[in-house]
Amino acid sequence: MKNQWTNFYTGYVKVKANGKGSERLINALTRRGIHVWDVKRAGTESVVFCIDLKEIPKLRETVRESNCKVTFLYGKGGPFLIKRLLKNSGFLAGSLAFLVCLFVLSNMVWDIQVHNAKPETEYAIRKELDQMGIKIGKVQFLLDDVDTIQRKLTDNIGTVTWIGVELKGTTYHFQVVDKKQPKAEKKTSPRNLVAKKKAIITDMFVEKGQPKIKVNDYVNKGQLLVSGMIGKEDSPKVISAKGVIKGETWYKSTVEVPLDSTFSVFNGEEKTKHYLAFGNVSIPVWGFQDPGYKRYEKDITVRTFHFLKWELPIAYKTATKRSKEEIVRKYTNQEAYDEARKMARADLKKQLPVDAEIIGQKILQVIPESGKVKLTIHYQVIENIATGQPIIQGD
Amino acid sequence: MASKWGQNIKKLLVRTIDLPQDVMMDLPRITMIGQLHIYIENHRGLLAFTDTEVRLMLKKGQLLIRGNEFVIRTILPEEIMLQGKIDQVFFIKE
């Protein structure tokens with residue numbers, strides 16, 4: 001007996017045969033090799049049975065030879081389903097349109113929220129976002145990705161230190177840290193102020209506490225600057241010393257600048273290839289041509305499609321190849337020397353706190369070695385050297 | 001006389017080399033699953049079919065099946081699968 005599970009897909013019809021000799025009709029059908037099933041008696045002179053859709057012409061022929069009358073009751077299976085689907089295509093189109101709408105709407109920006117920002121900062125951010133095209137109702141993946149937005153915002157808005165950008169579903173959240181937030185007065189425990197490093201005191205401003213040094217004193221690292229013990233000697237009061245002690249400190253730095261150096265530079269040529277990614281498989285859809293760059297950097301961005309709150313395994317991927325060139329820079333000894341001085345200063349600035357000030361520099365040593373220039377520079381810097389040291393009250 | 005001869009030879013063959021009898025002698029092979037199903041191979045056509053009675057042509061004679069609520073699940077030129085409540089199976093010699 002052959003397997004009949006495919007009957008449903010190819011479609012079948014339920015047939016009613018009326019008349020005497022319905023058994024003979026069935027015999028005739030089977031003898032012609034037509035598959036008949038679910039034969040049932042429906043009254044004294046009629047029989048109901050199922051037959052494959054494609055056997056209907058043969059059935060007609062067979063019926064003509066017999067003295068039965070055949071009526072078709074109903075059809076079932078694939079072809080009929082499709083027919084009905086087409087008949088009700090409005091519903092199908094409607095449900096598809098619904099899904100498409102839902103899909104498009106899930107990929108749109110619906111809300112932009114800025115947290116922890118002062119009104120003016122928030123205004124600036126919103127204006128900047130408007131310029132970048134991030135507005136309510138935009139399609140997410142035509143916009144920059146989160147990292148780019150973050151970089152652009154931090155670059156363009158000077159008054160904030162950091163902006164955290166997060167895309168949660170259809171809402172952008174901006175977490176802002178303002179630069180000049182009034183710091184809450186820290187309650188400090190009783191402490192002395194001691195020197196951070198060896199220095200010569202140039203300026204001092206003591207708010208609280210008893211100063212133990214004078215201007216122009218030389219102090220070593222860890223030396224007591226301002227004492228937190230005030231009052232009479234026999235009944236001292238312990239407080240938290242506070243103040244700014246500016247001192248001249250010294251730094252020595254060594255820099256080396258090679259005379260010849262090679263750089264990789266982007267020359268502005270780039271080529272983007274677009275993909276649709278299904279899981280791990282990427283199918284290129286645009287930009288098939290290989291640009292044939294000798295050296296290049298590849299940059300891949302992936303945007304996943306969303307459906308409601310879920311991420312779909314389908315993503316839109318772009319791979320951008322940026323052409324690179326090697327550039328050789330040549331310095332003369334003098335140029336290298338100037339460059340080294342600049343570099344050393346910039347390096348030092350990075351290490352120092354913001355309020356520090358470089359007041360002098362002295363070049364100690366210039367060594368023009370083979371192919372490079374080595375500089376040793378001594379700097380004089382004025383900075384706050386005070387740091388707290390808690391007073392531990394024992395006894 | 002000749003057919004009788006042939007029959008005898010077939011019987012002998014069946015007995016000696018152990019061939020299945022339904023193949024050799026065109027007998028119906030009937031498989032029943034409780035009272036629910038009856039599966040008949042080697043029939044020669046449907047003679048009568050009602051809810052309570054099915055009559056099948058065999059090579060020799062007829063097969064009569066009685067029961068209730070008969071439905072022919074499938075029917076092929078030489079096979080038939082009947083479903084329902086089967087009460088009796090008769091062989092009718094003609």
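Residues numbered from 1 in each chain as written. Chains lettered and ligands numbered in written order. Predicted model: local features only at pLDDT ≥ 70, side-chain atom pairs only at ≥ 80, totals over all residues. Heavy atoms only, no water.

Going by an unreviewed UniProt entry, chain B carries the name Sporulation protein YqfC and comes from Peribacillus cavernae.

As annotated in an unreviewed UniProt entry, chain A is Sporulation protein YqfD from Peribacillus cavernae.

Trainee: Which residues make up the packing of helix α2 (residues 22–31) of chain A against helix α3 (residues 56–65) of chain A, and what values go with them?
Mentor: All names here are of chain A. Where α2 contacts α3, the axes come no closer than 10 Å and their chain directions differ by 135°. One way to sum up the angle between α2 and α3 is to call them oblique. By crossing handedness, the relation of α2 to α3 is classed as right-handed. Between α2 and α3, the residues in contact are Leu25, Ala28 and Leu29 and Leu59, Thr62 and Val63, respectively. Here the contact of α2 with α3 is built from residues that sort into 5 nonpolar, 1 polar and no charged. (Axes fitted to C-alpha atoms, helices over the stretch in contact; angles between N-to-C directions. Helix = DSSP H or I, 4+ residues; strand = E, 2+ residues; numbered from the N terminus. Parallel < 35°, antiparallel > 145°, perpendicular 65-115°, else oblique. Left-handed = near helix turned anticlockwise from the far one by under 90°. Contact = heavy atoms within 4.5 Å. Nonpolar A, V, L, I, M, F, W, Y, C, P; charged D, E, K, R; others polar.)

Trainee: Go over the interface of chain A and chain B with me, naming the residues and quoting the values.
Mentor: On the side of chain B, 19 residues touch chain A, which itself brings 15 residues to the contact. Both sides of the chain A and chain B interface together cover about 1500 Å² of buried area, and 59% of this is carbon and sulfur. Here chain A is connected to chain B by 1 salt bridge. Where Asp38 of chain A meets Arg73 of chain B, a salt bridge forms, and the shortest distance between an N and an O atom there is 2.5 Å. Put simply, chain A and chain B have 7 residue pairs in polar contact (both at pLDDT 80 or more) between them. For the side of chain A that touches chain B, the elements supplying multiple residues, two or more each, are α2 and β2 (36–41) of chain A. Looking at which element gives the most residues to the side of chain A that touches chain B, the answer is β2 of chain A, with 6 residues. Looking at the side of chain A that touches chain B residue by residue, the class counts come to 6 nonpolar, 4 polar and 5 charged. (Buried area = accessible area lost by both parts, 1.4 Å probe. Salt bridge = Lys/Arg side-chain N within 4 Å of Asp/Glu carboxyl O. Polar contact = N/O pair within 3.5 Å; in protein donor to acceptor, adjacent residues only side chain to side chain.)

Trainee: Give a detailed account of the environment of Thr318 of chain A, specifying residues and quantitative values.
Mentor: Residue and element names in this part refer to chain A. Relative to the helices and strands, Thr318 is located in strand β19 (residues 310–330). Judged by relative accessible area, Thr318 falls into the buried class, the value being 12%. With residues up to four places along the chain from it excluded, the contact list for Thr318 reads Thr272, Lys273, His274, Asp299, Ile300 and Thr301. Of the polar contacts made by the side chain of Thr318, one reaches the side chain of Thr301; its length is 2.5 Å. (Buried < 20%, exposed > 50% of the residue type's maximum accessible area, 1.4 Å probe, protein only.)

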